[in-house]
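Results of the structural survey
What follows is each chain in one-letter form.
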Amino acid sequence: MSLPVGVGVPELPLGTSAGLLESLSGFVKELRNAGIPVSLTENLDAMEALKHIPLEDRDAFKYALAATLVKNNSHWKTFETVFEVYFSLRGREYHLVDGVDDEADDLISDLLGPREGESSGSADGLTHEQLAEMLFRALMDGNEAMLRAIARAAVTRYAGMEPGRPVGGTYYLYRTLRQLDLDAVLQRMMETARDQTHDELTDLEDRLAREEYESRLDALRREIEAEIRRRLVADRGAEAVAKSVRKPLPEDIDFMHASREELVALRKAIAPLTRKLAVRLARKRRHGRKGPLDFRNTVRHSLSYGGVPADPKFRYPRPSKPEIVVIADISGSVAAFARFTLQMVYAISSQFSRVRAFVFIDGIDEVTDYFKSTEDITAAIHRINTEADVIWVDGHSDYGHAFEAFWDRWGRDINTKSTVLLLGDARNNYHAAQAWVLAEMAKKARHVYWLNPEPRSYWDTGDSIVSQYATHCDGAYECRNLKQLERFVEQLG
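The notes below deal with the structure included here.

Cut-off values and rules
Residues numbered from 1 in each chain as written. Predicted model: local features only at pLDDT ≥ 70, side-chain atom pairs only at ≥ 80, totals over all residues. Heavy atoms only, no water. Helix = DSSP H or I, 4+ residues; strand = E, 2+ residues; numbered from the N terminus. Expected span 1.5 Å × (residues − 1). Buried < 20%, exposed > 50% of the residue type's maximum accessible area, 1.4 Å probe, protein only. Contact = heavy atoms within 4.5 Å. Patch = residues over 30% accessible without salt bridge, like charges linked within 9 Å, V, L, I, M, F, W, Y side chains within 5 Å. Areas by Shrake-Rupley, 256 points an atom, 1.4 Å probe, with all protein chains shown as cover. Salt bridge = Lys/Arg side-chain N within 4 Å of Asp/Glu carboxyl O. Phe/Tyr/Trp six-rings, centres within 6.5 Å; stacked < 30°, edge-to-face > 60°. Core = buried A, V, L, I, M, F, W, Y, C linked by side-chain atoms within 4.5 Å. Domains from an automatic or database assignment. Axes fitted to C-alpha atoms, helices over the stretch in contact; angles between N-to-C directions. Parallel < 35°, antiparallel > 145°, perpendicular 65-115°, else oblique. Left-handed = near helix turned anticlockwise from the far one by under 90°. Nonpolar A, V, L, I, M, F, W, Y, C, P; charged D, E, K, R; others polar.

With that out of the way, let us pick up helix H6 (residues 128–141). With 14 residues, H6 should cover 20 Å at 1.5 Å per step; its first-to-last C-alpha distance of 20 Å lies within 8% of that length. Among the residues of H6, those classed as buried are Leu131, Met134, Leu135, Phe136, Ala138, Leu139 and Met140. Positive backbone phi, approximately 65°, marks glycine 142, located one or two places after H6.

Right, dumping it as structure tokens:
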């Protein structure tokens, strides 16, 4: 019986086959927990790939696993984080108690040589100023071995890591980087580079020098982060550390609670997603279900079988592209959801005969032309946020008035080809619902769908009246992230 990796259980050494299999099993399990789909076949492919690479080559080991287990570029960062946790170095020198750092001390000693009053230089004997000076010299020289030694010494001195303390690596990383003050180090490096040149640096030379020094500082940050991770794994076990550093994949990030960094990840993920959806919708339409039996064609082909209708022929339908009408609430935190939905719909607009977009808060305005005037969807979204006339009275959501205004001005344009998408949380600030508008839409439109970015458990709580509207829709869907949005858009073909 295999033992779980983690608290209270000694980990098997990676150098043994049992230890490697234990780590690989935990690694694949954590990938699945993080949301990366890894099938049994892919797991077996990874095991087979490892037979053909030198296991002592860590990079080859890493990319062999990546080639067999990762299928989406947006999953790479998550894979890399889990890999670094499960296959970090775990020697005695990384333990937080009674740890030794002979390699770092040897490198520092070789650089400093014997100092007055001491037998040799060591990380422990350095003052803060001396360590800072060594860091500066190592960065200027691009000495990678010395940077690794300084990273280890800095973590030992500044991170304040305590055995068994359930603190994530980000906290220790912040404490270490705050003491090193890398912004001041970069400034000093740039001043030194300018002083070392006889002539003044050109703008290009200055920019190239800055980019080179910033890349060295980034490498130092990564080394410090890796050192902290190694020590956490040695102290708490890979499984506990992996759980603490786990982050959602881009397609699982909640629209309404995404941080700035997560919004950037969402924007990067939506482009390949829209291309995949467009191809899938086109294929779905091209290979639609068979139509009714074509009797005359079947009889004609039966002549080659002696009059036996052995090969039935069917009339293939000619599926028409739907016309999409999007009506989106852009108030408050719902705006992020509306932005990504509009972006996705317009990115695959070639699969629809026509796309019209309307946005509202308590007033409503058509913004279709904003997308036609530019190929940059981000610029169109910016225009919507700054130019659309969506304020009627006080700028608080009023679904009833917005829907009524839409019906008065554009209701006649809804027809049997129209699929209406209503985007919002249906939090109406206790105004009149005017649900009759959706009832009229349902009579005229091909389909009416409601997409709500709130968890279903929040529906109809407080001022939410989503059920009053959902009664008149073909479906009301929870749509909190890209994965749920993708699943819904597939139905529109």
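After that view, the rundown keeps rolling.
Our next topic: the environment of aspartate 398. Note that aspartate 398 resides in the loop between helix H16 (377–387) and helix H17 (399–410). Setting aside residues up to four positions removed in sequence, aspartate 398 forms contacts with Ile361, Asp362, Trp392, Asn428, His431 and Ala432.

Nonpolar side chains collect at one region of the surface, where Leu293, Phe295 and Val299 lie side by side and expose about 300 Å² of accessible area between them. Its location among the elements puts valine 299 in helix H13 (residues 295–302). Valine 299 sits in the partly exposed class, given a relative accessible area of 40%.

Moving on: the packing of aromatic side chains. The final tally for this structure, using the stated rule, is 24 aromatic pairs. Here the aromatic rings of phenylalanine 358 and phenylalanine 406 are separated by 5.0 Å at their centres, their planes lie at 85°, and the arrangement is edge-to-face. One end of the pair, phenylalanine 358, is in strand E2 (residues 354–360); the other, phenylalanine 406, is in helix H17, with 48 residues separating them in the sequence. The pair phenylalanine 358 / phenylalanine 406 is uniform in exposure class, with both members buried. An aromatic cluster of three or more residues is present, and its members are Phe27, Phe61, Tyr63, Trp76, Phe79, Phe83, Tyr86 and Phe87.

Another aspect to go through is the nonpolar core. For soluble globular proteins, nonpolar side chains are generally found buried alongside one another. Within the largest apolar cluster, 63 residues are counted, with the highest numbers of intra-cluster contacts made by Phe27, Phe61, Leu65, Phe79 and Phe87. In terms of residue count, helix H7 (residues 144–159) provides more of this core than any other element does, 10 residues in total. If you count residues domain by domain, this core takes at least three from each of domain 1 (18–86) and domain 2 (92–247). Not counting residues within four places of it along the chain, the set of residues in contact with phenylalanine 87 comprises Leu20, Ser23, Leu24, Phe27, Arg58, Phe61 and Leu65. With 46 residues, the next largest nonpolar core counts Leu263, Ala328, Ile330 and Val367 among its residues.

This next bit is on the packing of helix H14 (residues 334–347) against helix H20 (residues 482–489). Put simply, H14 and H20 touch, their axes get as near as 11 Å, and they point 40° apart. It follows that H14 is oblique to H20 by the angle criterion. As H14 runs across H20, the sense of the crossing is right-handed. Contacts from Phe340, Thr341 and Met344 of H14 reach H20 at Leu482, Leu485 and Val489. Counted by class, the contact of H14 with H20 contains 5 nonpolar, 1 polar and no charged residues.

On to unusual backbone geometry. Comment: phi is negative for the bulk of residues other than glycine, and the bulk of peptide bonds are trans. Positive phi, normally seen in glycine, also occurs at aspartate 181, with a value near 50°. With respect to the element layout, aspartate 181 can be found in the loop between helix H8 (169–180) and helix H9 (182–196). A relative accessible area of 40% means that aspartate 181 is categorised as partly exposed. Despite not being glycine, asparagine 429 shows a phi value in the positive range, around 55°. What makes asparagine 429 partly exposed here is its relative accessible area of 32%.

Let's shift gears to the packing of H6 against H9. For the pair H6 and H9, the least separation of the axes is 11 Å and the interaxial angle reads 55°. Between H6 and H9, the angle is such that the two are oblique. Here the hand of the crossing between H6 and H9 comes out right-handed. Note on element contacts: H9 touches H6 through Leu182, Val185, Arg188, Met189 and Thr192, opposite Glu133, Leu135, Phe136, Leu139 and Met140. Considering only residue class, the contact of H6 with H9 consists of 7 nonpolar, 1 polar and 2 charged.

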